[in-house]
Amino acid sequence: MDYRKCNSCGLSNLVTESACFRCGAALPAESAGFYQARLVPDSDFRRAQQGAEGPAPAGIKNSMVTIFAVFNLIFSLFALGGIGFWLLVVMTSVFQNDPKVGDIAVGSAFFIIPNIVAFILFLPAAIGLMKRKNWGYYFHLCAAVLAGFSCVGLLYTIPALYFAFQPGFKRDFPSQ
């Protein structure tokens, strides 16, 4: 059984009572609404209560957003490292006067360009998720889809998209 305290004398009364059993004082109205909401799940009180919940309280953030922000930062650093590695390969062949420097440069471009695209998507996704900005959420979605076409593949894409579409994840981003 559920009880509520009388504001006047402090006696615990059943939630179905409208007045205190001991002193006769009226019991708080919000408790009666709470009881009504429990009896009738589709009541006006319940809908108003759910509508009032809105975004997460200040200071409480979804930890999955932070985890994926860290993953995006790590992947952006890997992409930056890939760009540097392939540029080093091309520069080494240039300084060694390799006769096939043109072929090496073209071949390296096939690795440099995807790394540049990945860096351009993953870094803003990481920053935007950390700051809980809407654009960061959308960069995260694009980066997750891009990861599906890379060596990271579905190991990252499936969880990233799954959690991105959960209400708790999306609640951290203000709607505009």
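This text goes with the structure placed above it.
As a convention, each chain's residues are numbered from 1 in the sequence order in which they are written. Selection of residues for local features in this predicted model requires a pLDDT of at least 70, selection of side-chain atom pairs for listing and counting requires 80 or more, and totals for whole chains, interfaces and linings are taken over all residues. Hydrogen atoms and water are omitted, and side-chain values are computed over all heavy atoms in the structure.

(A) Geometry of the overall build of the protein. A run of DSSP states H or I qualifies as a helix once it reaches four residues; a run of E qualifies as a strand once it reaches two. Both are numbered from the N-terminal end. Check the secondary structure of the protein and you find seven helices and two strands. If you list the helices and strands of the protein from N to C, you get β-β-α-α-α-α-α-α-α. For the protein, the residues scored as buried account for 30% of the 176 residues in total. Note on definitions: a residue-residue contact is assigned when non-hydrogen atoms from the two residues lie within 4.5 Å. Within the protein, contacts between residues at least 6 apart in sequence are counted, and of these 47% link residues at least 24 apart. In the form shown here, the protein has an accessible surface area of approximately 11,400 Å², with 68% of it arising from carbon and sulfur atoms. Using a 1.4 Å probe on the protein chains alone, a residue whose accessible area is under 20% of its type maximum counts as buried, one over 50% counts as exposed, and one in between counts as partly exposed. Residue burial considers only the protein chains on display, and all accessible areas are found by Shrake-Rupley using a 1.4 Å probe.

(B) Seen up close, the state of the cysteines. Pairs of cysteine sulfur atoms within 2.5 Å are what we label disulfides. The full count for this structure, using the stated rule, is zero disulfides. There is no disulfide at Cys-20, and the cysteine sulfur nearest it, in Cys-9, is 3.5 Å away. By relative accessible area, which is 5% here, Cys-20 ends up buried.

(C) Structural view of the pattern of salt bridges. The working definition used for a salt bridge is a side-chain nitrogen of Lys or Arg within 4 Å of a carboxyl oxygen of Asp or Glu. Inspection of every chain in the model, using the stated rule, returns one salt bridge. Residue Asp-172 pairs with Arg-132 through a salt bridge whose shortest N-O separation is 3.2 Å. Note that Asp-172 is positioned in the segment after α7 (167–170) and Arg-132 in the loop between α4 (101–131) and α5 (134–147), a separation of 40 residues in sequence. Across the pair, Arg-132 and Asp-172 agree in class, each one buried.

(D) Region of interest: unusual backbone geometry. One non-glycine residue, Asn-97, adopts positive backbone phi at about 55°. The residue Asn-97 is located in the loop between α3 (63–95) and α4 in this model.

(E) Local environment of the environment of Phe-21. Of note, Phe-21 is situated in the loop between β2 (12–14) and α1 (29–39). When its relative accessible area of 76% is taken as the criterion, Phe-21 is described as exposed. In contact with Phe-21, other than residues within four places in its own chain, are Leu-11 and Asn-13.

(F) Seen up close, the packing of aromatic side chains. In this scheme Phe, Tyr and Trp rings, the latter by its six-membered ring, pair at centre separations within 6.5 Å, and the angle between planes marks the pair as stacked below 30 degrees, edge-to-face above 60, and tilted otherwise. Here the structure, examined in full by the defined rule, presents 17 aromatic pairs. Arranged with centres 6.3 Å apart and planes meeting at 90°, the rings of Trp-135 and Phe-139 form a pair that is edge-to-face. With Trp-135 and Phe-139 both in helix α5 and four residues apart, the pair spans about one turn of that helix. A centroid spacing of 5.3 Å and a plane angle of 75° characterise the contact between Tyr-137 and Tyr-138, whose relative ring orientation is edge-to-face. Judged by relative accessible area, Tyr-137 falls into the buried class, the value being 5%. Clustering of aromatic rings is evident, with ring pairs tying together Phe-68, Phe-71, Phe-75, Phe-122, Tyr-137, Tyr-138, Tyr-156, Tyr-162, Phe-163, Phe-169 and Phe-173.

(G) Broad picture of the environment of Ala-26. Note that Ala-26 resides in the loop between β2 and α1. We classify Ala-26 as exposed; its relative accessible area is 62%. As for Ala-26 and Ser-8, which are separated by 18 residues in sequence, their C-alpha atoms are 8.9 Å apart.

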